[in-house]
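Coordinate inspection notes
One letter stands for each residue in the lines below.
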Amino acid sequence: MVRFIALETEGHYLCRLLWGTESAVNAEIVRLKAEVVKAEKALDHATPRDIRRGINCIWRICREYNISGVYGSIIELLECDENLFTAVEVTVGNSLFHVVVESDEISTQVNRHLNGEKGGRVTFIPLNSVKAPYVTYPPTSDAIPLLKKLKYSYSYHQAFSLGLFVSQAETSWGMLGLG
């Protein structure tokens, strides 16, 4: 009988411990969901209206017509440190909102539906017809190809062609022949 009470007490203790852990995890999930909503709103405000409408329409078209091979906009496919946001934004500009697709046929198919619905404006990057240029970078430790600082799936590599991240203004002036 004493052993049964000890096991029951231990079981209650474990349940309370697990409930506490579950509660903490649920609170973190709620916090992260709120953070995602906040980030999506900030992105919506930073995106030109017709482009935002086009990208949202593309996802709906893909669901409704069961179209696969649409990977997302460049901004959705890249990850980088916060300290590089400005460098990437300045280098890429509105190309951040170009949509990477598997082929010309998919972009044509989606574009047909998009135009039929007057769903906004989108620029597609079909992977089957885009080749990233081979670039020779100057040998210096002060300049690093920006792509080496970004995280992205290698399957999209030909969609990306970015410049150099230069750590000092004097280095960039020298590379341009101005220093």
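Quick summary incoming for the structure in this document. (Residues numbered from 1 in each chain as written. Predicted model: local features only at pLDDT ≥ 70, side-chain atom pairs only at ≥ 80, totals over all residues. Heavy atoms only, no water.)

**Some remarks on the pattern of salt bridges**
Applying the stated criterion to the full structure yields four salt bridges. We note a salt bridge from Glu 28 to Arg 31, for which the minimum N-O separation is 2.7 Å. Of this pair, Glu 28 and Arg 31 are both found in helix H1 (residues 2-46), three residues apart, which corresponds to roughly one turn of the helix. The class of Glu 28 is partly exposed, set by a relative accessible area of 35%. Taking relative accessible area as the criterion, Arg 31 reaches 42% and is therefore assigned partly exposed. Close ionic contact of Arg 31 with Glu 35 constitutes a salt bridge, the shortest N to O distance being 2.8 Å. Placement of both Arg 31 and Glu 35 in helix H1 is noted, with a separation of four residues, approximately one turn of the helix. Overall, the relative accessible area of 45% leaves Glu 35 in the partly exposed class. Each member of the salt-bridge network shares a partner with another, and the members are Glu 28, Arg 31 and Glu 35. (Salt bridge = Lys/Arg side-chain N within 4 Å of Asp/Glu carboxyl O. Helix = DSSP H or I, 4+ residues; strand = E, 2+ residues; numbered from the N terminus. Buried < 20%, exposed > 50% of the residue type's maximum accessible area, 1.4 Å probe, protein only.)

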